[in-house]
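# Examining the three-dimensional arrangement
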Amino acid sequence: MATTRITTALPPNIDITKAELAYGEHMLPKLNRQLQDSTLMTRQRALNALCDVLHNPEHVSAALKVGMAKSLKKLLSDSDGTVRWKATEVLFICSNHAIGRDAILEFDLIQPISALFDDKHEDARLMSHRAVESVSHTVNGAQGIVNANLIKKLVEKLKTETDEIKQLVLDTLHYCMKVDSDQALAAQALEVFTSLLGHGTWEIRGKAARDIMDISFPLEGKKRAVKVRCIPVLVKLLADKNYHVRAQAAGALMSIAITTEGKQESIREGAVEALIALLRSDESSDVRLNVIKAITMLAEAPSGREKMIEVVPVLQDIANTGGPMMQKVAKTAVKVITWRP
């Protein structure tokens, strides 16, 4: 005869690590109250639930209206590492939406988030860098990071952090240097970028070369680039196996070679020969575009112009058959190389 058995297992599809969600408009106010609860497990479960809920930008807006930004700001300094990590993850998710990025700036959350750069838990450090990097994508966000005087701290992190975090830092500095490169120069960022050009990971090599291009736009950056001898390393990277690294290295050389000193140093280090070889052999449009721009810069020097004569037919062919942007830069290059006083 059959008997009734009551199982001790939880119902299906129930996640005990996440808080139970209230219905409709009561959901976010309840989660906000749970964030302020004195019980550790309650705070952790509320944060885990928010990581799912806030992927919807409408929920981000509603969360801000119930004062969740202040609750999260307090949790960034919580004694529990998991709470700090998850609070930063929630803010990172918010930062993927325009309203979330604006809220991070409005509630002065950049500084508290950056405090976790030194957290003993790697997950918390990683998520804090993701959040700051996401904020840096906008001009206001990048300016907020610069105003918080975080550039020097970010540069220092390039010396000690994991490769994954280094990539995030390089991306953050890339956006911030579009707003202000003076702090990066003062923090000796160019020297650190140059040291990363020989890194074993191609993503870091490419991003370091890109950041050298960024920091070399102002005149002081171009002078410093020659002084720290990053040109010889960039010339070597023109033969890198990865096309992204080759493209960024050519772009950095183009930026540095705007000055006479940069042109002369590049020519001495064999940049002309390396660029010509790359123009003839590389099939990547990104690489060829930056190579042609670099060739144009070096062709402005008489010694460089003489060596460039041999690639005029190649450039003329690109000017006739390439895409609109490629045609434009190729025509300019031919004009500079064939110019005579």
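Our structure's up above, just so we're on the same page.
Being a predicted model, the structure only gives us computed values, none of them experimental. Within every chain, residues take consecutive numbers counted from 1 along the sequence as written. Only residues with pLDDT of at least 70 get local features here, since the model is predicted, and only at 80 or more are side-chain atom pairs given and counted; chain-wide, interface and lining totals rely on the full set of residues. Only hydrogens and water are set aside; all other atoms, that is, all heavy atoms of the structure, feed into the side-chain values.

## A few points about the packing of aromatic side chains
For Phe, Tyr and Trp, where Trp contributes only its six-membered ring, two rings pair if their centres lie within 6.5 Å, and the inter-plane angle classes them as stacked under 30 degrees, edge-to-face over 60, or tilted in between. The full count for this structure, using the stated rule, is zero aromatic pairs. Against the face of tryptophan 85 rests lysine 86, its NZ or CZ located 4.6 Å from the ring centre. The criterion for a charge sitting over a ring is simple: Lys NZ or Arg CZ within 6 Å of the ring centre, and within 35 degrees of the ring normal.

## A closer look at the nonpolar core
With 114 residues, the main nonpolar core has Leu54, Leu173, Phe193, Ile212, Leu234, Leu279 and Met308 as its most contacted residues. Every helix listed is a DSSP run of H or I at least four residues long, and every strand listed is a run of E at least two residues long, numbered separately from the N terminus. Here this core takes nine residues from helix H20 (residues 285–299), the largest share from any one element. Once you skip the residues sitting within four places of it in the chain, isoleucine 212 turns out to touch Leu190, Phe193, Thr194, Leu197, Cys230, Leu234, Ala252 and Ile256. Grouping buried Ala, Val, Leu, Ile, Met, Phe, Trp, Tyr and Cys residues that are joined through side-chain atoms within 4.5 Å yields what is termed a nonpolar core. Under the scheme applied here, a residue whose accessible area is under 20% of the maximum for its type counts as buried, over 50% as exposed, and between as partly exposed, the area being computed with a 1.4 Å probe on protein chains only. Throughout, a contact is declared for two residues whenever any of their heavy atoms are within 4.5 Å.

## Overview of the pattern of salt bridges
Salt-bridge detection follows one rule: a side-chain nitrogen of Lys or Arg within 4 Å of a carboxyl oxygen of Asp or Glu. If you walk through the whole model with that rule in mind, you get 20 salt bridges. The partner of lysine 157 in a salt bridge is aspartate 118, and the shortest N-O contact between them spans 2.5 Å. Remark: aspartate 118 occurs in the loop between helix H7 (110–114) and helix H8 (122–135) and lysine 157 occurs in helix H10 (residues 151–160); sequence separation between them is 39 residues. Salt-bridge contacts for arginine 268 lead to glutamate 265; the nearest nitrogen and oxygen are separated by 2.8 Å. Here arginine 268 pairs with glutamate 265, and both are found in helix H18 (residues 260–268), just three residues apart, close to one helical turn. Taking relative accessible area as the criterion, arginine 268 reaches 58% and is therefore assigned exposed. Owing to a relative accessible area of 7%, glutamate 265 belongs among the buried residues under this scheme. A single network of salt bridges, built from pairs that share partners, joins Asp171, Lys207, Arg210 and Asp211.

## Points about empty space enclosed by the protein
Only protein atoms enter the 1 Å grid used here. Points where a 1.4 Å probe fits but cannot escape make up a cavity, open sets with protein on both sides within 12 Å along at least five of seven lines make up a pocket, and a residue lines them when an atom lies within 4 Å of a point. Grid points are joined across faces, edges and corners, and a volume is the space filled by probe spheres set on the points. Within the structure shown, the criterion is met by one cavity of 30 Å³ or more. One number sums up the size of the largest cavity: a volume of about 90 Å³. As for the largest cavity, its lining consists of 13 residues, and the residues nearest its centre are Leu64, Ala69, Leu72, Leu91 and Cys94. Taken together, the elements giving at least two residues each to the lining of the largest cavity come down to helix H3 (57–65), helix H4 (68–75), helix H5 (81–95) and helix H6 (98–106). Throughout, the ten residues Ala, Val, Leu, Ile, Met, Phe, Trp, Tyr, Cys and Pro are labelled nonpolar, Asp, Glu, Lys and Arg are labelled charged, and all others, Gly among them, are labelled polar. Residue composition of the lining of the largest cavity, grouped by class: twelve nonpolar, one polar and no charged.

## Points about the side chain of glutamate 133
Following the sequence through the fold, glutamate 133 ends up in helix H8. Despite its burial, glutamate 133 pairs with no opposite charge, the nearest such side chain being lysine 207 at 7.2 Å. Residues contacting glutamate 133, with those up to four places away along its chain left out, are Leu168, Asp171, Thr172 and Tyr175. Neither His nor the chain termini are counted; the positive set is Lys and Arg, and the negative set is Asp and Glu.

## Side note on the environment of glutamine 111
Locating glutamine 111 in the fold gives a position in helix H7. In the structure, glutamine 111 is positioned 39 residues away from leucine 150 in sequence and 8.4 Å away in space, judged by C-alpha atoms. Discounting chain neighbours no more than four positions away, the residues touching glutamine 111 are Ala148 and Leu150.

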